[in-house]
Amino acid sequence: MARLRNLVILTGAGVSAESGIATFRGPGGLWEGHRVEDVCTPEALARDPALVHRFYDLRRAALDTVEPNAAHHALARLDAAWPGDLLIVTQNVDDLHERAGASRLLHMHGELRSALCAACGIREGWAEALPPETECPNCGMLALRPDIVFFGEMPYQMERIEAALAAADLFVSIGTSGAVYPAAGFVQTARHYGAATLEMNLEPSGGSHWFEESRMGPAGALVPAWVEELLAGA
Ligand code: OAD
């Protein structure tokens, strides 16, 4: 452990599950109640903007009712204390990592509390509902959309992520099913560049066999224990 310096931590919906935010796949998951192609594609937004906006409005409003859990707090503590490079790459569009205090953080699939203007490209912090007829505060066009990476669109900051993976000594994946690329392929990239790899998830994920070590259980218990272990050896 003492030789570790650069960490990349990928998080998914499982990290926020114990805060009361539904995951996507599996029983009770968001994609069980909604078809991805109805609410999470550019085509859906063009076809039925009111439906797409309402879906994300409800999820944005639900953020007011949840709090970071022990996993978010442990990762924020690691972020503050870790002497080497560290990057938390989250697939989550909630804001629980930053509310716990994490700052070396990147939202690769966008953020619920942000609006993106499809006309001028500006991003604007957004806490309220976002009806389709809202004017962009910058260019005045009716082109504001949720700042969410839809299926078929390129995740954010891929170059920065690739660079961090190439420099990583340890890649850790927490609470993600490994069903969605490119995030599901990060473990292979990290291994290619020589990083050690660790997965923490409730159950084996789609890519479990790629990880050198897998720990199964709830993130709220596994992550704080792992952070203590890591900081004890730092
Ligand atoms: P998924 O819903 O696909 O997977 C969540 C994973 O978390 C599953 O493997 C669960 O077993 C695990 N899990 C559930 N509760 C947990 C807990 N308390 N502790 C640890 N693990 C737990 O969510 P993601 O992998 O994040 O993209 O999904 C990836 C992307 O697919 C999302 O970012 C989203 C979705 O479509 C977009 O919306 C662009």
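Our subject is the structure that appears above.
Residues numbered from 1 in each chain as written. Predicted model: local features only at pLDDT ≥ 70, side-chain atom pairs only at ≥ 80, totals over all residues. Heavy atoms only, no water.

(A) The sheet that holds strand 4 (residues 110–117), seen in detail. A sheet is described by the order of its strands in space; here 3 strands give the open sequence 5-4-6, paired in antiparallel fashion. Only two strands of the sheet have a single partner each, and these edge strands are strand 5 (123–125) and strand 6 (144–148). Across the sheet, the axes of successive neighbouring strands diverge by a mean angle of 40°, strand direction being ignored. Relative to strand 5, strand 4 runs antiparallel, the two sharing 3 bridges. Looking at strand 5, one finds that Leu 116 is bridged to Arg 123. (Pairing = 2+ DSSP bridges. Helix = DSSP H or I, 4+ residues; strand = E, 2+ residues; numbered from the N terminus. Axes fitted to C-alpha atoms, helices over the stretch in contact; angles between N-to-C directions.)

(B) Expanded view of the packing of aromatic side chains. Within this structure, the stated rule accounts for 3 aromatic pairs. Summarising the aromatic geometry, the rings of Phe 55 and Tyr 56 are spaced 4.8 Å apart at their centres and angled 90° between planes, so their arrangement reads as edge-to-face. For Phe 55, a relative accessible area of 6% corresponds to the buried category. Residue classification places Tyr 56 among the buried positions, given a relative accessible area of 1%. With a centroid separation of 6.2 Å and 20° between ring planes, the pair formed by Phe 171 and Phe 211 is classed as stacked. Pair noted here: Phe 171 is in strand 7 (residues 170–174) and Phe 211 is in the loop between strand 8 (196–201) and strand 9 (213–216), with a separation of 40 residues, a long-range link. As far as burial versus exposure is concerned, Phe 171 and Phe 211 are alike and both buried. (Phe/Tyr/Trp six-rings, centres within 6.5 Å; stacked < 30°, edge-to-face > 60°. Buried < 20%, exposed > 50% of the residue type's maximum accessible area, 1.4 Å probe, protein only.)

(C) Layout of the side chain of Glu 199. Counting through the fold element by element, Glu 199 comes out in strand 8. In terms of polar contacts, Glu 199 uses its side chain to reach the side chain of Ser 208, at 2.5 Å. Within the local environment of Glu 199, its side chain forms a polar contact with the side chain of Ser 214, the two groups lying 3.4 Å apart. If we skip the residues at most four places from it in the chain, Glu 199 touches Ser 173, Ser 205, Ser 208, Phe 211, Glu 213, Ser 214, Arg 215 and Met 216. (Polar contact = N/O pair within 3.5 Å; in protein donor to acceptor, adjacent residues only side chain to side chain. Contact = heavy atoms within 4.5 Å.)

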